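Here is how the chains run, residue by residue.
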Amino acid sequence: MKARVIAFYLPQFHPIPENDKYWGKGFTEWTNVAKAKPLFRGHYQPRIPADLGFYDLRMPEVREAQAQLAREAGVEGFCYWHYWLGNGRKLLERPFEEVLASGKPDFPFCLAWANHNWTTKTWQNGGREEMIAEQLYPGDEDHINHFNYVLPAFRDHRYIQVDGKPLFLILEPYYFKDLTHFIELWRQLAVQNGLKGIHFVGMGNSTSTIKKLEDGSIGRVLPNLKSSSDLYKEILSWGFDGYNSWGKSRAEMLSLGKYRRLIRRGIQEKFPFLPAYHLNYPKVMKKEYYFAPEDRWENIYPTLFPQWDRSPRVAKFDGVYVNSTPQHFLHHIEDALEVVADKKPEHRILFLRSWNEWGEGNYVEPDLKYGHGYLDALKSTLF
């Protein structure tokens, strides 16, 4: 295999009480996916799943079928989004807990902690924001309980490792004030429980408009499009072993112009009656745009990005990628393989964003338009 492709996996496709309360009985990710409408001529909406249909992740047969599709395409494993809100509160935990308890599918996995607030903003298209579940960091007792909850997963033979250590990602490093202490504590707990440690990976853009200040607050900065070195070094200094870089913002700024892109997004939020704006996938995804020079570093793990259309979730508040086709995705994979080619095989990691984010038009599962096209692009380049 030319690279270790690990696909982010959304467990939102089953009802939970929190979603029932705010969005109506039986709400899942499919609710808005199915009722999406085109926003302009030629806009590919709604997106309808093919082989797996509008599945329910409480069904083990669905999880087995997903694993088989991923395995055949060359995906090493799934990275399940993991929601621990603090004080033992979890969300969307059922699919992964059943995978862990049953031993099926026998397909590798790891966890990415989606440590952010749950609010109504995701689905309300810019309307009034209500807190569904707040992300809290109560302290060491909760950190220990959290570790003990994931320890059986770390010990599972399917759990993905890097350098002999279980791989664990953290989505929001900037807003986690005692992050470094948390990482040190979990490393100690891992060794005490017979593990070699934990391979911690932070997540974020390859360029940023925010910076953590000395007092732990967040300040605004101008994005650096020439180099990601300072950004990567800062985040790694917080205790991470690696960083999962995402080039979407960088590529859009270089393609559209830094200030034009920032202004365009701001205008769209302020004047929602304006037409939706779209971006040309092959133009934005040029290798020199999407990948930062520092993505070649040994401990930087870039992101594969097949397509993007969040209109089912946020209507016109984000740019829609057009001309996102399996053939263009294939060229993008080839670019990514060249970026990681000189790394040790263990670190030749590419995170795929995503396996099944249908509400963001960010998936590789089969649909009615392209069939297995995105999976075939992975298979033809990785083997």
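Above this text you will find the structure in question.
Note that the structure is predicted; figures quoted are calculated from it, not measured. (Residues numbered from 1 in each chain as written. Predicted model: local features only at pLDDT ≥ 70, side-chain atom pairs only at ≥ 80, totals over all residues. Heavy atoms only, no water.)

1. Things to note about the packing of helix H6 (residues 140–155) against helix H7 (residues 179–192)
Note the threshold: All axes here are fitted lines through C-alpha atoms, helices being fitted over the stretch that makes contact, and every angle between N-to-C directions spans 0 to 180 degrees. By definition, any uninterrupted DSSP run of H or I lasting at least four residues is a helix, any uninterrupted run of E lasting at least two residues is a strand, and each is numbered from the N terminus. Should an angle fall under 35 degrees it is taken as roughly parallel, and over 145 as roughly antiparallel, whereas 65 to 115 is taken as roughly perpendicular and any remaining angle as oblique. By definition, any crossing whose near helix is turned counterclockwise from its far helix by less than a right angle is left-handed, and any crossing with a clockwise turn is right-handed. Between two residues, a contact is recorded if the distance between any of their heavy atoms is within 4.5 Å. In this count, Pro and Cys sit with the nonpolar residues alongside Ala, Val, Leu, Ile, Met, Phe, Trp and Tyr, while Asp, Glu, Lys and Arg are called charged and the others, Gly among them, polar.
Running from N to C, H6 and H7 cross one another at 50 degrees; their axes reach a closest spacing of 10 Å. Considering their axes alone, H6 and H7 lie oblique with respect to each other. In the packing of H6 onto H7, the handedness of the crossing is right-handed. Where H6 abuts H7, its residues Asp140, His143, Ile144, His146, Phe147, Val150 and Phe154 lie against His181, Phe182, Leu185, Trp186, Leu189 and Ala190. For the contact of H6 with H7, a count of residues per class yields 9 nonpolar, 3 polar and 1 charged.

2. Considerations on the pattern of salt bridges
Close approach of charged atoms allows side chains with opposite charge to pair. Inclusion rule: We count a salt bridge whenever a side-chain nitrogen from Lys or Arg sits within 4 Å of a carboxyl oxygen from Asp or Glu. Buried, partly exposed and exposed residues are distinguished by accessible area as a fraction of the type maximum, computed with a 1.4 Å probe on protein chains only: under 20%, between the cut-offs, and over 50%, respectively.
By the definition in use, this model includes 19 salt bridges. As a salt-bridge pair, Glu29 and Arg313 come within 2.9 Å of each other at their nearest N and O atoms. Taken together, the residues span a long stretch of sequence, with Glu29 in helix H2 (residues 29–35) and Arg313 in helix H13 (residues 311–314) at a distance of 284 residues. The two residues Glu29 and Arg313 agree in class, both being buried. A salt bridge links Glu360 to Arg313; its shortest N-O distance comes to 3.1 Å. Of this pair, Glu360 sits in the loop between strand E17 (356–357) and strand E18 (362–363) while Arg313 is found in helix H13, placing the two residues 47 residues apart along the sequence.

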